[in-house]
Amino acid sequence: MTSNEILSYCLSHLKDVVFVESWGEKGIFYNPGGALKRGVYVLTIKEKDGEHDKASMLNRMDVYRVNVGLRKQSFLKRFGVIPKRPSGGDVVNMDFDFTSLDTILPHPVYAWMGWVCVLNPSEKTFEELKELIQESYEYAMEKFKNRKQP
């Protein structure tokens, strides 16, 4: 799978989403009618290390990371614990190899918020990731609704 194939999947299968490229990431946001400045995150794709996010070693040739935000209950079910928020520039304290390809992992920085990731998913892993993308989309819709309440 390529990062563009994943973005295309989201844009064609998720209603009321927009593509935004900023901060060195490509993102899919739920934002019906452009009601919010950017929208609510559904998925991001990061293709290079950032100043405070180097644990996945994204500067390797052709390596990218797909990130989705899950409800904390789903994260707990998958990984057993919600880690503490790391100090700036640090990685969450979880026993995972954040450089592993084609494996759904806790996000190395944002796992404390319920985010998961996968580096270079295969088509098989993308099938599992689709369920997580759907949950992230539904969760984004809930957050959007809460932001739009008067």
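Keep in mind the model is a prediction, meaning the values are calculated, not measured.

Enquirer: I'd like a description of the sheet that holds strand β5 (residues 105-106), backed by residues and values.
Expert: Spatially, six strands are ordered β1-β2-β3-β4-β6-β5 in an open sheet, and the strand pairing comes out antiparallel. Where the open sheet ends on each side, the last strands, each with one partner, are β1 (17-22) and β5. Pairing of strand β3 (residues 40-46) with strand β4 (residues 65-69), which is carried by four bridges, proceeds in the antiparallel orientation. In the sheet register, T44 faces β4, and the bridge partner there is N67.

Enquirer: So what's going on with the side chain of R65? Residues and values would help.
Expert: Along the polypeptide, R65 turns up in strand β4. Among the polar contacts made by the side chain of R65, one reaches the side chain of N67 at a distance of 2.7 Å. Reaching out from R65, the side chain makes a polar contact with the side chain of H107 at a distance of 3.2 Å. If we skip the residues at most four places from it in the chain, R65 touches T44, I45, K46, D53, S56, L58, H107, P108, C117, V118 and L119.

Enquirer: Please give an account of the pattern of salt bridges that cites residues and values.
Expert: All told, the structure shown has seven salt bridges when counted by the stated rule. Two residues, K46 and E25, come together in a salt bridge whose shortest N-O distance is 4.0 Å. Of this pair, K46 sits in strand β3 while E25 sits in strand β2 (residues 25-30), placing them 21 residues apart in sequence. Judged by relative accessible area, which is 16%, E25 ranks as buried. A salt bridge links E135 to R71, with the shortest nitrogen-to-oxygen separation between them at 3.8 Å. Placement of E135 in helix α3 (residues 123-148) and of R71 in the loop between β4 and α2 (72-79) is noted, with a sequence separation of 64 residues between them. One connected set of salt bridges, linked through shared partners, spans R71, E135 and E142.

What counts and how
Residues numbered from 1 in each chain as written. Predicted model: local features only at pLDDT ≥ 70, side-chain atom pairs only at ≥ 80, totals over all residues. Heavy atoms only, no water. Pairing = 2+ DSSP bridges. Helix = DSSP H or I, 4+ residues; strand = E, 2+ residues; numbered from the N terminus. Polar contact = N/O pair within 3.5 Å; in protein donor to acceptor, adjacent residues only side chain to side chain. Contact = heavy atoms within 4.5 Å. Salt bridge = Lys/Arg side-chain N within 4 Å of Asp/Glu carboxyl O. Buried < 20%, exposed > 50% of the residue type's maximum accessible area, 1.4 Å probe, protein only.

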